[in-house]
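So you can see what is in the structure, the chains are spelled out below.
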Amino acid sequence: MDKSLAIIGASQLVTLAGPRRPRVGAEMRELAIVNDGAMLLRDGRVIQTGVRREIEPLIDADCEVVDAGNRVVMPGFVDAHTHPVFAGNRADEFEMRAEGKSYQEIAASGGGIRSTVLKTRAASEDELFVASRRYSEWFLRSGTTTVEAKSGYGLRPEDEMKMLRVIRRLGEETPLRYVPTFLGAHAVPDEYKNNREAYVDLVVGEMIPQVARAGLARFCDVFCEGGAFDVDESRMILQAAQAYGMGLRVHAEQFSQSGGSRLAAELGAITADHLECAGASEISALKSADVQPVLLPASVLMIGSRRYPDARAMIDAGLAVVLATDFNPGSSPTPSMLLVLTLASTQMKMAPAEAVAAATINAAYSLGLGDEIGSLESGKRADFVIHDCNDYRELGYFAGIEHPGAVYVEGRTEKGETER
């Protein structure tokens, strides 16, 4: 049995305690902060939170005590959209974009997703694991304790399964929590470029059943966009996954009004992700079905675009907005939710409190884990971070700073030294 742990001396204990559902509207600014806060943990779960004078009398002689040193304590970030397993990188494309080529131009000339597919297919399972384990350390260092993790760089049965096995192994052998998503419909691979229908049939008839039988994915995603999969193709794939009990997620409206948002609403998807080109009608469709928007401002920044999603309109419409990094080797090579907080406020005009709610409790609900993580409340898993600042607003304000001083997953420190 784990020893008890007490955290005392938090300048702000950002609990995000509240209703047992995603936060919408004005609720996204209500972080349930306890000043001079403290927290009692046992067996990796939160027992009680409160002001220091309430918690200290509950601390017994066998309890380890960590003094937060008048710093912010808050839930670990939940990154609800990542592509964290791949071989190689695309630094050459980063340079090409700096010289004026667009993301779409690079993809059309043989770069982009297809470039990573070739490298990932050539890598062994162990090689992929070693590379991806390094990235897991980056996430933890940035204060992230849970990631949604997509496949999608294999694009044939054996390589998609290989990626999903690596994701499972990462969840077993690293402190970071992984939530697996099958994304065989990320792009049409070169060998099927003249027979798209056959590739859709492969995804529907072979990949999805294999993944489901092996229990390797909780969700299925599809890139619904010109040059990837149209609405009809996306519907076939998502309905097949739904029949096997997978939750649905959709890459929607990234580069055009592709119909992905309406499809997500039609099928009752959990999330629609990207949404840079979503307008009032798309937002209305998402609201009608309570689909959570997952916004990825770092990918907008990194491809050199200026078209950010209309976060304010989504919040005003009552949608439970989520923020995520879209960590991947091409369009968003950053694992930093701290950068995402900065972009959310500076480019999408989200209040710092809204951004924190979107990166924690709302993200947790988008993964079906809102009853377990995303806030610091009695009974929940003790995933939290001690940030080297006195006010949570500093997380996005002091940009480019690695704020986490200590990161805990289920009550165990995974980064930083405890202070006794």
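For clarity, every value in this text was computed on a predicted model and none was experimentally measured.

Participant: Please clarify how a nonpolar patch on the surface should be interpreted in this entry.
Facilitator: A surface patch of nonpolar side chains, about 340 Å² in accessible area, is lined by Y397, F398 and I401. Mapped onto the secondary structure, F398 falls in the loop between α16 (394-397) and β14 (404-409).

Participant: Help me understand empty space enclosed by the protein in this model?
Facilitator: Gaps between atoms show up when a probe of the same size as a water molecule is rolled over them. Within this structure, the stated rule accounts for 1 cavity of 30 Å³ or more. Looking at the largest cavity, its volume works out to about 120 Å³. Grouping the constituent residues of the lining of the largest cavity by class yields 5 nonpolar, 7 polar and 2 charged.

Participant: Looking at this structure, I do not really get helix α4 (residues 113-122). What am I missing?
Facilitator: Within α4, burial applies to I113, S115, T116, V117, T120 and R121. Next to the buried residues of α4 lie α2 (91-98), α3 (103-108), α5 (125-141), α6 (157-173) and β8 (219-223).

Participant: Can you help me understand the pattern of salt bridges in this one?
Facilitator: When the charged atoms of two side chains with opposite charge come close together, those side chains can pair. Applying the stated criterion to the full structure yields 30 salt bridges. The salt bridge partner of R196 is E233, with a shortest N-O separation of 2.7 Å. Here the residue R196 occupies a position in helix α7 (residues 196-214), and E233 occupies one in helix α8 (residues 231-243), the gap between them amounting to 37 residues. For D232, the salt bridge identified is with R235, shortest N-O distance 3.0 Å. With a gap of 3 residues between them, D232 and R235 both fall in helix α8, about one helical turn apart. Judged by its relative accessible area of 52%, D232 falls in the exposed class. Salt bridges linked by common partners bring R45, R177, E372, R381, D383 and E410 together as one network.

Definitions and limits used
- Residues numbered from 1 in each chain as written.
- Predicted model: local features only at pLDDT ≥ 70, side-chain atom pairs only at ≥ 80, totals over all residues.
- Heavy atoms only, no water.
- Patch = residues over 30% accessible without salt bridge, like charges linked within 9 Å, V, L, I, M, F, W, Y side chains within 5 Å.
- Areas by Shrake-Rupley, 256 points an atom, 1.4 Å probe, with all protein chains shown as cover.
- Salt bridge = Lys/Arg side-chain N within 4 Å of Asp/Glu carboxyl O.
- Helix = DSSP H or I, 4+ residues; strand = E, 2+ residues; numbered from the N terminus.
- 1 Å grid on protein atoms, 1.4 Å probe; cavity = no way out; pocket = protein on both sides within 12 Å on 5 of 7 lines; lining within 4 Å.
- Points joined across faces, edges and corners; volume = space filled by probe spheres on them.
- Nonpolar A, V, L, I, M, F, W, Y, C, P; charged D, E, K, R; others polar.
- Buried < 20%, exposed > 50% of the residue type's maximum accessible area, 1.4 Å probe, protein only.
- Contact = heavy atoms within 4.5 Å.

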